[in-house]
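Take a look at the letters that make up each chain.
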Amino acid sequence: PVNKPGAAISHRAMLVGELPINKIQAALQLPPTALLNGDIGITAQALFPLRTRTREESNAADVGEQAEFRLLLRSDLEGLTSRLPYPLDKTAPDTEGLQMELRFPERGRAQIYGTLKRGLGWALEARNDPAGWSLARGAIVRGVMIPELPVTDGLIMQGEIDSLSLDDWSAVLADSADAASSDVARQEPSPGWQSLFREAELQVGELTAIGYRFADVGAAVTFGPAEWDIRLTGPWAEGNLVVPYDFQGPQPVIMNMDRLLLIEPQSAGDNDKDSQLSPLTLPAIEGRVKDFALGNLRLGALDAKIRRVPDGLKSELLHTESASFNTDISYD
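Reading guide: rules and limits
Residues numbered from 1 in each chain as written. Predicted model: local features only at pLDDT ≥ 70, side-chain atom pairs only at ≥ 80, totals over all residues. Heavy atoms only, no water. Phe/Tyr/Trp six-rings, centres within 6.5 Å; stacked < 30°, edge-to-face > 60°. Helix = DSSP H or I, 4+ residues; strand = E, 2+ residues; numbered from the N terminus. Buried < 20%, exposed > 50% of the residue type's maximum accessible area, 1.4 Å probe, protein only. Polar contact = N/O pair within 3.5 Å; in protein donor to acceptor, adjacent residues only side chain to side chain. Contact = heavy atoms within 4.5 Å. Core = buried A, V, L, I, M, F, W, Y, C linked by side-chain atoms within 4.5 Å. Pairing = 2+ DSSP bridges. Salt bridge = Lys/Arg side-chain N within 4 Å of Asp/Glu carboxyl O.

(A) Spotlight on the packing of aromatic side chains. Scanning the entire structure with this criterion turns up four aromatic pairs. Ring geometry for Phe69 and Phe104: centres 5.5 Å apart, planes at 35°, overall tilted. Within this pair, whereas Phe69 is found in strand β4 (residues 69-75), its partner Phe104 is found in strand β6 (residues 98-106), the two being separated by 35 residues in sequence. Residue classification places Phe104 among the partly exposed positions, given a relative accessible area of 27%. Aromatic side chains Trp228 and Tyr245 sit 5.2 Å apart centroid to centroid with 90° between the ring planes, which places their arrangement in the edge-to-face category. Highlighted residues: Trp228 in strand β13 (residues 227-233) and Tyr245 in the loop between β14 (237-244) and β15 (253-262), separated in sequence by 17 residues. Of the two residues, Trp228 and Tyr245, neither departs from the other in class, the shared state being buried.

(B) The arrangement of the side chain of Glu101 in detail. Along the chain, the position of Glu101 falls in strand β6. What makes Glu101 buried here is its relative accessible area of 16%. A polar side-chain atom of Glu101 sits 3.1 Å from a polar atom in the side chain of Arg103. Excluding anything up to four places from it in sequence, Glu101 contacts Arg70, Leu71, Leu72, Gln111, Ile112 and Tyr113.

(C) Structural view of the nonpolar core. Within the largest apolar cluster, 64 residues are counted, with the highest numbers of intra-cluster contacts made by Phe214, Trp228, Leu232, Val243, Met255, Met257 and Leu260. Not counting residues within four places of it along the chain, the set of residues in contact with Met255 comprises Asn240, Leu241, Leu260, Ile285, Glu286, Gly287, Arg288, Val289, Leu302 and Ala304.

(D) Geometry of the environment of Leu28. Residue placement: Leu28 occurs in the loop between α1 (21-27) and β2 (36-37). The exposure class assigned to Leu28 is buried, which follows from its relative accessible area of 17%. Taking the C-alpha atoms as reference points, Leu28 and Trp133, 105 residues apart in sequence, are found 5.1 Å from one another. Residue contacts for Leu28: discarding those within four places in its chain leaves Ala126, Trp133, Ser134 and Leu135.

(E) Representation of the pairing of strand β16 (residues 285-294) within the structure. The pairing of β15 with β16 spans eight bridges and is classified as parallel. Opposite Met257, over in β16, you have Val289 as the bridge partner. Pairing of β16 with strand β17 (residues 297-309) involves eight bridges; the strand directions are antiparallel. Counterpart to Ile285 in the pairing with β17 is Ile306.

(F) Seen up close, unusual backbone geometry. A cis amide bond links Tyr86 to the next residue, Pro87, at an omega of 15°. Here Pro87 lies in the loop between β5 (81-82) and β6. Unusually for a residue other than glycine, Gln29 sits at a positive phi of about 55°. Looking at where Gln29 falls in the secondary structure, it is placed in the loop between α1 and β2. Since its relative accessible area comes to 31%, Gln29 is described here as partly exposed.

(G) Quick peek at the pattern of salt bridges. By the definition in use, this model includes 18 salt bridges. With a shortest N-O distance of 3.4 Å, Glu199 and Arg198 are connected by a salt bridge. A relative accessible area of 24% places Arg198 in the partly exposed class. Where Glu316 meets Lys305, a salt bridge forms, and the shortest distance between an N and an O atom there is 3.9 Å. Of this pair, Glu316 sits in strand β18 (residues 312-321) while Lys305 sits in strand β17, and the two are 11 residues apart along the sequence. Glu316 gets classed as partly exposed once you look at its relative accessible area, which sits at 35%. Overall, Lys305 belongs to the partly exposed group, its relative accessible area being 38%. Among the ionic contacts, a cluster of salt bridges with common partners joins Glu106, Arg109, Glu125, Arg127, Arg137 and Asp153.

(H) Highlighting the pairing of strand β12 (residues 212-223). Two strands pair when backbone bridges link them, and strand β11 (residues 197-209) and β12 are joined in this way by 10 bridges, in the antiparallel orientation. Its bridge partner lying in β12, Gln203 is registered against Gly218. Connecting β11 to the next strand, β12, in antiparallel fashion are two residues, including Ile210 with a positive phi near 40°. Where β12 lies against β13, six bridges are found, and the strand directions are antiparallel. Residue Phe223 lies in a different strand from β13, and its bridge partner there is Trp228.

Below is the structure:
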């Protein structure tokens, strides 16, 4: 018991045990995935409020400490395997400092605040409706600070990251969508992980996409039903892209770019044939670039329409126009 005058809690319970990752996914109705699995050891404190707040106290500005049930959790995450791309990858033997606080301000609502030692902080809210618990809103930031909960539903991501692979994350989202569509345990297909997110504001030191590297990229991303809507800023890429989650699906990448300089291949200097990008893994592409470069060639304006075929890609339109020369490449 906690009996100090003015204390916000009356009792504290200590809990030690193991938590299966799949139980968390099931409890929050997260999309099915094999990307996260394992059991993690946890140490928890359950803090019971001294009394229940009245509605008037809950709305008062000077309430002080909140009288609500809270759960404090710590874990080194040993046993968790994450096949998500960097910076969320992890093997089971690796340890990673996790701290979380769960607050339950009212029935049917839980707020989840936490940090990872590697430099991630989050504030999430789950709600319980007739269909069960699910994530409703939240913010995930790169850093050790815990963000404020956003007002609007959906998840947002913010912060700086040293490197990010659009190819790797596209593969993950496509796999997750396939798993959700084949989930026969539900009466109707469930959406993939991308349906949880609303937008992202990222500054990326090195972005890799469609086999090329891009330095110092700012990315403002809106998550749609089947694609990212991306506004890029940077020395090598400037403009708008609509990028499908599934690179091998029927939807092409739509370009409306001021600048796109493909000057550094992702596999540059790598003699490993397995690392070479295959046309079989690339999406269809169409649109316009005002200033286009390929390697050392500054080709000027580019108009392109490249579609997927069973054995790779087929160019229906590939036209460049500069002050000194034009090129036209097509295949019938």
